[in-house]
Amino acid sequence: MSAPHRTAEEIGRTAAGPRPVPSLGTQRAAADLSHVDTTLSNGLRVLAVRKATVPLVELRVWIPFAGDGELHPATAEVLAETLLTGTARRDRIEIDADLALIGGDLASGVDPERLAITGTSLADGLPTMLDVLADALTGASYADAEVERERERLIERIAVSRTQPRTIAREALQKHRYGDHPAVREVPQAEDVAVVTPEQVRALHRASVLPRGSVLVLVGDIDPETVIGDLEKAFGGWSSDRSAVRLPALPELTGGNVLLVPRAGAVQSQIRLSAQTVSRTDPRYPALQLANLVYGGYFSSRLVENIREDKGYTYSAHSGFEFTDQTAVVNVDADTATDATAAALMETRYELARLGLVPPTADEVESVRQYAIGSLVTAASSQGGLAAQLAALAATGLGAEWLAGHPERLAAVTAEDVANAALEFFAPKRFTGVVVGDADVLAPKLTALGDVTVGEPT
């Protein structure tokens, strides 16, 4: 006879009540890494890590790529789109064919802070991937036809992107926080992209695609000691006495009014709040990280429980950190229906205040601690996840040691530490931000809440 069917609820209960959730095992480091962290003769920092779970290699390159010229954002975007479309040695088809033969790929993207290149290949194909990459870094041709083709595609994508509410909200938040700082120009204007020439792209490459001050991360089935010599050989022709251009320091956020950005006829609003915090190297960061999780950093957070689960104001609410060079802010995001926007903003601020005045309980702290450590270990368990984490850390001067030691730092945080971090960093007065939506409907209620001003239409 087959066993009788039991529901999940029946399985989860006993005669004495719900089955207790098993306790987690002993905490361990995020990664036990055999690695080399060094700087090549050309000034390129290399972090090579052995993780031989599968016969693959993940590559990440991070090149500081700031610029203050009017056309820099547009030119940088075209450069990123055409960097891998041809060199003096290979055309686009030959690049694709060489990478296909090693089960590999390379891709590039750019933002106001950096030019990023990601890649993967079979482990025995790493020399080929490095050769293709070095060829592009030293000899990308930016052929006229390739630049023209990618420029037109980019114009179309920008036109679509600029109609998206999330893009509009992000740009409004950046301008409100940082004014005319270069970091604000994340999406170039289509009209600027239209006038970018191949020669301008080539000139930007010569001026800014530089090894000194840049970072290369390799994670996979490699010998870290041996691969350094391979990298010296592969990138021997990529050199300069100048350093890659870092983004100027961001202004520190001091809190202030929330700006209502009018978007006529919008049926949904975007709430974006932001406050200054501390970098990963600050002793308060582990406690701050746990305080953020309690507030809005995961699905069981107070913010989600309030404005999503209890009141249904939003489908998605979240808070998290944004790191730029040596600075950090915490952001709070929520998208709401227009008629729920004022109430959602009020509850969002209420939860900020409550986090400091009614600090997280010992159970809440332990729950988010287990989540933080488990998430870190899980993210570092794959080659791609580990490479992404190390690249983000290396860009701010950190490395594998910080990652390996972070679970221990989280384990040492006390409930009192979290309470102190909540009171210091999550006070509502520390936050500024924007609400993007239909101002004709929103303005009366939002301004009645206080500390909200009405801006110019988008």
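As recorded in an unreviewed UniProt entry, the chain goes by the name Peptidase M16, listed as coming from Amycolatopsis decaplanina DSM 44594.

Visitor: I'd like a rundown of the overall build of the chain, residues and numbers included.
Guide: Along its length, the chain carries 17 helices and 14 strands. A compact globule built from 458 residues would reach a C-alpha radius of gyration of about 23 Å, and the chain, at 25 Å, matches this within 12%. Expressed along its principal axes, the backbone C-alpha trace of the chain runs to roughly 70 × 60 × 55 Å. Every one of the 458 residues in the chain was classed for burial, and the buried ones make up 51%. A separation of at least 24 residues holds for 80% of the contacts in the chain among residues at least 6 apart in sequence. Total accessible area on the chain stands at roughly 20,900 Å², and carbon and sulfur atoms take up 53% of it.

Visitor: Describe the pattern of salt bridges, listing the residues and the values that go with them.
Guide: One pass over the structure, following the stated rule, counts 31 salt bridges. The partner of glutamate 146 in a salt bridge is arginine 92, with the nearest N and O atoms 2.6 Å apart. In this pair, glutamate 146 sits in helix H5 (residues 144–161) while arginine 92 sits in helix H3 (residues 92–101), placing the two residues 54 residues apart along the sequence. Relative accessible area serves as the criterion here: at 25%, arginine 92 is assigned to the partly exposed category. Across the pair arginine 308 and glutamate 309 runs a salt bridge whose closest N-O atoms are separated by 2.2 Å. On the basis of relative accessible area, glutamate 309 is assigned to the partly exposed category, the value being 40%. The network of salt bridges with common partners includes Arg89, Arg90, Asp98, Asp131 and Asp135.

Visitor: Help me get a handle on the packing of helix H10 (residues 285–297) against helix H15 (residues 400–411), residues and values and all.
Guide: Interhelical geometry of H10 versus H15 gives an angle of 70° and a closest axis separation of 10 Å. When the interaxial angle is binned, H10 and H15 end up roughly perpendicular. The crossing of H10 and H15 is right-handed. Contact with H10, carried on its side by Tyr285, Pro286, Gln289 and Leu290, involves Trp402, His406, Arg409 and Leu410 of H15 and no other residues of that element. Residue classes in the contact of H10 with H15 are distributed as five nonpolar, two polar and one charged.

Visitor: Describe in detail the packing of aromatic side chains, supporting the description with residues and values.
Guide: Under the defined criterion, the tally for this structure stands at eight aromatic pairs. Ring centres 6.4 Å apart and planes at 45° place the aromatic pair tyrosine 285 and tryptophan 402 in the tilted group. Here the residue tyrosine 285 occupies a position in helix H10, and tryptophan 402 occupies one in helix H15, the gap between them amounting to 117 residues. Comparing tyrosine 285 with tryptophan 402, the two get one shared label, buried. On the numbers, 6.3 Å between centres and 40° between planes, the contact of phenylalanine 426 with phenylalanine 431 is tilted.

Visitor: Describe the pairing of strand S12 (residues 327–337), listing the residues and the values that go with them.
Guide: Across the 11 residues of S12, eight count as buried, placing the element largely inside the fold. Judged from the nine bridges that link them, strand S10 (residues 268–276) and S12 form a sheet pairing that is antiparallel. Bridge pairing in S12 places serine 269 opposite threonine 336. Inspection of the sheet shows strand S11 (residues 314–324) paired to S12 by nine bridges, in the antiparallel sense. Across the sheet, the residue bridging to phenylalanine 321 is valine 330, located in S12. What sits between S11 and S12 in their antiparallel hairpin is a turn of two residues, with aspartate 325 showing a positive phi close to 55°.

Visitor: Could you give an account of the domain arrangement of the chain, with specific residues and numbers?
Guide: By domain assignment, the chain separates into domain 1 (35–236) and domain 2 (258–454). Between domain 1 and domain 2, the C-alpha centre-to-centre distance is 30 Å. Here domain 1 and domain 2 share an interface that buries about 2,400 Å² over both sides, 61% of which is from carbon and sulfur atoms. Remark: the boundary between domain 1 and domain 2 carries three salt bridges. Among the salt bridges present, the one from glutamate 322 reaches arginine 170, with a minimum N-O distance of 2.8 Å. There are 15 residue pairs in polar contact (both at pLDDT 80 or more) connecting domain 1 and domain 2. For the side of domain 1 that touches domain 2, the elements supplying multiple residues, two or more each, are strand S3 (34–39), strand S4 (45–50), strand S5 (56–64), helix H6 (165–178) and strand S8 (215–220). By residue number, the principal contributor to the side of domain 1 that touches domain 2 is H6, which donates 10 residues. Here the side of domain 1 that touches domain 2 is built from residues that sort into 15 nonpolar, five polar and 10 charged.

So, how was this worked out
- Residues numbered from 1 in each chain as written.
- Predicted model: local features only at pLDDT ≥ 70, side-chain atom pairs only at ≥ 80, totals over all residues.
- Heavy atoms only, no water.
- Helix = DSSP H or I, 4+ residues; strand = E, 2+ residues; numbered from the N terminus.
- Rg over C-alpha atoms; globule rule 2.2 N^0.38 Å.
- Buried < 20%, exposed > 50% of the residue type's maximum accessible area, 1.4 Å probe, protein only.
- Contact = heavy atoms within 4.5 Å.
- Areas by Shrake-Rupley, 256 points an atom, 1.4 Å probe, with all protein chains shown as cover.
- Salt bridge = Lys/Arg side-chain N within 4 Å of Asp/Glu carboxyl O.
- Axes fitted to C-alpha atoms, helices over the stretch in contact; angles between N-to-C directions.
- Parallel < 35°, antiparallel > 145°, perpendicular 65-115°, else oblique.
- Left-handed = near helix turned anticlockwise from the far one by under 90°.
- Nonpolar A, V, L, I, M, F, W, Y, C, P; charged D, E, K, R; others polar.
- Phe/Tyr/Trp six-rings, centres within 6.5 Å; stacked < 30°, edge-to-face > 60°.
- Pairing = 2+ DSSP bridges.
- Domains from an automatic or database assignment.
- Buried area = accessible area lost by both parts, 1.4 Å probe.
- Polar contact = N/O pair within 3.5 Å; in protein donor to acceptor, adjacent residues only side chain to side chain.

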